[in-house]
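Observations on the model geometry
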Amino acid sequence: MIPAGRELPTSYATTFSNAEDNQTSIRITLAQKSIFEVTNIAEITVGIPPAPKATLNILIAISVDEHKVLKLKVDIDNTDVCKEYGPFYVSWDIKDKRP
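How each quantity is defined
Going along each chain's sequence as written, the residues are numbered from 1 onward. In keeping with the model being predicted, local features are shown solely for residues with a pLDDT of at least 70 and side-chain atom pairs are shown and tallied solely at 80 or more, while totals for entire chains, interfaces and linings include all residues. Excluding hydrogens and water, the side-chain figures rest on all heavy atoms present in the structure. A run of DSSP states H or I qualifies as a helix once it reaches four residues; a run of E qualifies as a strand once it reaches two. Both are numbered from the N-terminal end. Think of it in three bands: residues with accessible area under 20% of the maximum for their type are buried, residues over 50% are exposed, and the middle band is partly exposed, with areas taken using a 1.4 Å probe on protein chains only. Only the protein chains shown count as cover for residues, with accessible areas throughout obtained via the Shrake-Rupley method and a probe of 1.4 Å. The patches reported here contain residues having more than 30% relative accessible area and no salt bridge. Joining distances are 9 Å for like charges and 5 Å for nonpolar side chains (Val, Leu, Ile, Met, Phe, Trp, Tyr). Criterion for a salt bridge: a side-chain nitrogen of Lys or Arg within 4 Å of a carboxyl oxygen of Asp or Glu. Paired strands, in this sense, are two strands between which DSSP finds at least two bridges. An axis is simply a line fitted to the C-alpha atoms; with a helix, the fit covers only the stretch in contact. Between two such axes, the angle follows the N-to-C directions and lies from 0 to 180 degrees. Any two residues whose heavy atoms approach within 4.5 Å at even a single point are treated as in contact.

Next up on the list: the overall build of the chain. What the chain contains, in helices and strands, is 0 helices and 6 strands. When the helices and strands of the chain are read in sequence order from the N terminus, they spell out β-β-β-β-β-β. C-alpha atoms of the chain, sized along the principal axes, occupy 50 × 25 × 20 Å. A buried classification covers 31% of the 99 residues belonging to the chain. As displayed, the chain offers around 6,600 Å² of accessible surface, 49% of which is attributable to carbon and sulfur atoms.

See below:
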């Protein structure tokens, strides 16, 4: 979601929905892609309240600070689900604003 070459700090957010009726969790895989491979950083399972298909707004926000520390936030509208995960340390080549 965050392309290589972005200046630090950077962030990205997008909204997803539940894919099935009464779905009780979502799985988020954080991965880092290089020219030669894809490396998994973390796999996170988040509990969500059961609801009819496509009725939950699930905000996924990723931020990477100037020290290449990645944090993930999951926030579900109209629920008490708001969780933060990390820090995760990343190493891909991102342009750095530091001198």
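With that out of the way, let us pick up a nonpolar patch on the surface. On the surface, Met1, Tyr12 and Phe16 cluster together into a nonpolar patch covering about 300 Å² of accessible area. Residue position: Met1 is located in the segment before strand E1 (10–16). Judged by relative accessible area, Met1 falls into the exposed class, the value being 53%.

On to the sheet that holds strand E6 (residues 82–89). Judged by pairing direction, the sheet is antiparallel, and its 4 strands sit side by side in the order E1-E4-E5-E6 without closing on themselves. Edge strands, defined here as strands with exactly one partner in the open sheet, are E1 and E6. Averaged over all neighbouring strand pairs, the angle between strand axes comes to 15°, with direction disregarded. Where strand E5 (residues 69–76) and E6 come together, 6 bridges link them in antiparallel fashion. Looking at the pairing, Lys73 lines up with Glu84 of E6.

In this section: the environment of Tyr12. Turning to its location among the elements, Tyr12 is positioned in strand E1. Owing to a relative accessible area of 31%, Tyr12 belongs among the partly exposed residues under this scheme. The sequence separation of Tyr12 and Thr24 amounts to 12 residues, and the corresponding C-alpha distance is 25 Å. Residues within four places of Tyr12 in sequence aside, it is in contact with Met1, Ile2, Ile60, Ala61 and Ile62.

Nothing here speaks to function; it is geometry throughout.
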